[in-house]
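Listed below, chain by chain, are the residues.
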Amino acid sequence: EDQVTQSPEALRLQEGESSSLNCSYTVSGLRGLFWYRQDPGKGPEFLFTLYSAGEEKEKERLKATLTKKESFLHITAPKPEDSATYLCATNTGGFKTIFGAGTRLFVKA
Amino acid sequence: DAGVTQSPTHLIKTRGQQVTLRCSPKSGHDTVSWYQQALGQGPQFIFQYYEEEERQRGNFPDRFSGHQFPNYSSELNVNALLLGDSALYLCASSSVQTSNQPQHFGDGTRLSIL
């Protein structure tokens, strides 16, 4: 069965303290690995798409990487405004997108 | 450029009632997917509509049904509401021509069942 697992469930960082979020996936025929950011009371906001192992994408303090079994979202020198839930999702070629449960990130000033 | 819009924003119903949620996709998009997001969980796929037909369905009972209109807007209907149906219902749109591209989400309808 296709599955996406994110860890940790929650992460508390001090401002400037870099870290990484993990997304491991078990899917048959990956056709895209997506990262979204979700703020409380809002819908998910798209961040990155990765399609093949070895691919990397960057945006401001965020960098996403992909291997054959997992993806990482690296956060460099985070700021309080980076506090949010980060969701990982995959598209396996059908019309269904499978989401992980998310990592809740708290960045303290 | 209007993004995905959903209505209503919040809704309170009682067990056994029926509810209809509405979604207008982003301009240029023709495909609409619906998701249920329980508190502290990731979105769970309910179904997807394209050309007014349901293309794929997740693990949800027949109490959940939908419709897509010729202007690509969509409705989600839930019958015989249960306490466990309390959740944030998200609508996402995309274009069939870029099916591997990410979906665009609305801010959802918060449904509370008493």
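Rules used in this analysis
- Here the residue numbers are simple positions, counted from 1 along each chain's written sequence.
- Written order determines the labels here, with chains lettered from A and ligands numbered from 1.
- Two thresholds apply to this predicted model, a pLDDT of at least 70 for residue-level local features and 80 or more for giving and counting side-chain atom pairs, whereas whole-chain, interface and lining totals are computed over all residues.
- To obtain the side-chain values, all non-hydrogen atoms of the structure were included, while hydrogens and water were left out.
- Helix and strand labels come from DSSP, where a helix needs a run of H or I of at least four residues and a strand needs a run of E of at least two; each type is numbered from the N terminus.
- C-alpha atoms define the radius of gyration, and 2.2 Å times the number of residues to the power 0.38 defines the globule rule.
- Only protein chains enter the area calculation, which uses a 1.4 Å probe; residues under 20% of their type maximum are buried, those over 50% are exposed, and those in between are partly exposed.
- Any two rings among Phe, Tyr and Trp, with Trp reduced to its six-membered ring, count as a pair given centres within 6.5 Å; such a pair is stacked if its planes are under 30 degrees apart, edge-to-face if over 60, and tilted if neither.
- By definition here, charges over rings are those cases where NZ of Lys or CZ of Arg is within 6 Å of the ring centre and within 35 degrees of the ring normal.
- Throughout this description, the term nonpolar core refers to a set of buried Ala, Val, Leu, Ile, Met, Phe, Trp, Tyr and Cys residues connected via side-chain atoms within 4.5 Å.
- Here, a strand pair is defined by DSSP locating no fewer than two bridges between the strands.
- The convention used is that axes are lines fitted to C-alpha atoms, helices contributing only their stretch in contact, and that angles between N-to-C directions extend from 0 to 180 degrees.
- Note on terminology: disulfide denotes any pair of cysteine sulfur atoms within 2.5 Å.

A. Seen up close, the overall build of chain B. Helices and strands together make up the secondary structure of chain B, namely zero helices and eleven strands. The order of α-helices and β-strands along chain B, N terminus first, is β-β-β-β-β-β-β-β-β-β-β. Taking 13 Å as the expected radius of gyration for a compact globule of 114 residues, we find that chain B reaches 13 Å, a close match to that expectation. Considering chain B as a whole, with its 114 residues, one finds that 48% of them fall into the buried category.

B. Looking closely at the packing of aromatic side chains. Counted by the stated rule, this structure contains nine aromatic pairs over all chains. With centroids separated by 6.0 Å and ring planes inclined at 80 degrees, the aromatic side chains of A:Phe99 and B:Phe105 adopt a geometry described as edge-to-face. Of this pair, A:Phe99 sits in strand β10 (residues 97–99) while B:Phe105 sits in strand β10 (residues 104–105), each in a different chain. Residue class for A:Phe99 comes out buried when judged on its relative accessible area of 6%. An aromatic cluster is present here, built from A:Tyr36, A:Phe46, A:Phe99, B:Tyr35, B:Phe45 and B:Phe105 joined pairwise through their rings. Its end group placed over the ring of A:Phe106, A:Arg12 keeps NZ or CZ at 4.4 Å from the ring centre. Seen from the ring of A:Phe95, B:Arg55 lies directly overhead, with NZ or CZ sitting 3.7 Å from the centre.

C. The arrangement of the nonpolar core in detail. Within the largest apolar cluster, 23 residues are counted, with the highest numbers of intra-cluster contacts made by A:Leu33, A:Trp35, A:Leu73 and A:Tyr86. Those elements that place two or more of their residues in this core are β2 (10–14), β3 (19–26), β4 (33–38), β5 (45–50), β7 (62–66), β8 (70–75), β9 (84–91) and β11 (103–108) of chain A. One finds B:Leu11, B:Val19, B:Ile46 and B:Ala87 within the second-largest nonpolar core, a separate group that totals 20 residues.

D. Looking closely at the sheet that holds strand β6 (residues 56–59) of chain A. Residue and element names in this part refer to chain A. The five strands are arranged β1-β3-β8-β7-β6 in an open sheet whose pairing can be described as antiparallel. What marks the edges here is a single partner per strand, and that holds for β1 (3–7) and β6. The mean inter-strand angle of the sheet, taken between neighbouring strand axes irrespective of direction, is 15 degrees. Both β7 and β8 contribute to a ladder of five bridges, which runs antiparallel. Bridging from a neighbouring strand, leucine 66 pairs with serine 71 of β8.

E. Fine view of the state of the cysteines. Enumeration according to the criterion identifies two disulfides over all chains in this entry. Disulfide pairing places A:Cys23 opposite A:Cys88 at an S-S distance of 1.9 Å. A torsion of -60 degrees about the S-S bond marks the disulfide between A:Cys23 and A:Cys88 as left-handed. On the criterion of sequence distance, the pair formed by A:Cys23 in strand β3 and A:Cys88 in strand β9 is long-range, its members being 65 residues apart. A relative accessible area of 0% places A:Cys88 in the buried class. Two residues share a disulfide in this structure: B:Cys23 and B:Cys91, whose sulfurs sit 1.8 Å from each other. Note on the B:Cys23 and B:Cys91 pair: the S-S dihedral is about -60 degrees, so by sign convention the disulfide is left-handed. Taken as a pair, B:Cys23 in strand β3 (residues 19–24) and B:Cys91 in strand β9 (residues 87–94) lie far apart in primary sequence, 68 residues in all. Of the two residues, B:Cys23 and B:Cys91, neither departs from the other in class, the shared state being buried.

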